[in-house]
Amino acid sequence: MDTRLGLRENWKQFSLLVLVSAFVGGMIGLERSIFPEYAQKVFGIESKTAILSFITAFGITKALTNYFTGRLANAIGRKNLLVIGWLFAIPVPFILMNANGWNWVIVANLLLGINQGLTWSSTVVMKIDLVGEKNRGLAMGLNEFAGYFAIGIVAFLSGYVADRYGITPYPFYIGIVISIIGFLLSLFFINDTSKFVALESKDDNSTELKNIFWETTLKDKTLSSVSQAGLVNKP
């Protein structure tokens, strides 16, 4: 089979990855609008404490997972990493609707952080692999649009369901559907993009970073400014 870089040449696989990105974003939207009320009504915890717990458990876990995703993707393959990421998402809605203590909610958000770190990063990398250097910006834009649009839609749906039928368990049924469909799409319809990486690497003269953290944080001015912008934009 002929392997060619480009958005037009790989639009079917690219479109599937955009769809998967939407499901990845949907898992975040599941809790976005109902989390403070869920914490207060089910566990009697004030919204500020709940939000702080969410940011701490989810944010740190996702950041650490993101840090290792690049090396893991090269080691075990992009698709495998994507599928593994979805396996961490499937228990999340079940834990949230059956949690009998706040510690279980923290566990669910730790799993969600791992899921987001693996799946979001994998879909981004795979889209970039497919389109090559020319269309990377467009690929990133479509990825962000799909993910954040889905966050808004699912946040609205979960809020509506919670208002109409109660804060639990009904809103979390949405998460069950999202996680299972996302997993099945990734397992059966997404192809690994390693052959596209090999193709582009033939003409790649860039050098490997010796220490990703220090290079992107301090040493390389361009990468450092990008990292700072990302930190400000997505705290």
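Rules used in this analysis
Residues numbered from 1 in each chain as written. Predicted model: local features only at pLDDT ≥ 70, side-chain atom pairs only at ≥ 80, totals over all residues. Heavy atoms only, no water. Helix = DSSP H or I, 4+ residues; strand = E, 2+ residues; numbered from the N terminus. Rg over C-alpha atoms; globule rule 2.2 N^0.38 Å. Areas by Shrake-Rupley, 256 points an atom, 1.4 Å probe, with all protein chains shown as cover. Phe/Tyr/Trp six-rings, centres within 6.5 Å; stacked < 30°, edge-to-face > 60°. Buried < 20%, exposed > 50% of the residue type's maximum accessible area, 1.4 Å probe, protein only. Lys NZ or Arg CZ within 6 Å of the ring centre and 35° of its normal. Salt bridge = Lys/Arg side-chain N within 4 Å of Asp/Glu carboxyl O.

S.K.: Please explain the overall build of the protein as it appears in this structure.
M.R.: A count of helical and extended segments in the protein gives 11 helices and zero strands. For the protein, the sequential pattern of α-helices and β-strands runs α-α-α-α-α-α-α-α-α-α-α. Against the globule reference of 18 Å for 235 residues, the protein gives a C-alpha radius of gyration of 19 Å, in line with a compact fold. In terms of overall dimensions, the protein has C-alpha extents of about 60 × 40 × 25 Å along its principal axes. Approximately 13200 Å² of the protein is accessible, and the part contributed by carbon and sulfur atoms is 64%.

S.K.: For this particular structure, what's the right way to read the packing of aromatic side chains?
M.R.: Both the distance between ring centres and the angle between the ring planes are used here to describe each pair of aromatic rings. Counting across every chain of the model gives 10 aromatic pairs. Residues Tyr67 and Phe68 carry aromatic rings whose centres are separated by 5.0 Å and whose planes lie at 90° to one another, so their mutual orientation is edge-to-face. An angle of 70° between the planes, with centres 5.8 Å apart, marks the rings of Trp120 and Tyr148 as edge-to-face. Of this pair, Trp120 sits in helix α6 (residues 102-131) while Tyr148 sits in helix α7 (residues 136-165), and the two are 28 residues apart along the sequence. Among the residues examined, Trp120 registers a relative accessible area of 9% and is labelled buried. Just above the ring of Trp120 sits the side chain of Lys62; from NZ or CZ to the centre is 5.8 Å.

S.K.: Explain the pattern of salt bridges to me, please; I cannot follow it from the model alone.
M.R.: One pass over the structure, following the stated rule, counts two salt bridges. The salt bridge partner of Lys41 is Glu37, with a shortest N-O separation of 2.7 Å. Note that Lys41 and Glu37 are positioned in helix α2 (residues 35-43) at a spacing of four residues, about one turn of the helix. The exposed category is assigned to Lys41, whose relative accessible area is 59%. By relative accessible area, Glu37 is classed as partly exposed at 35%. The shortest N-O distance in the salt bridge between Arg78 and Asp129 comes to 2.7 Å. Taken together, the residues Arg78 in helix α4 (residues 78-89) and Asp129 in helix α6 connect sequence positions 51 residues apart. For the residue pair Arg78 and Asp129, the accessibility class agrees, reading buried in each case.

So yeah, pure geometry; function would need other evidence.
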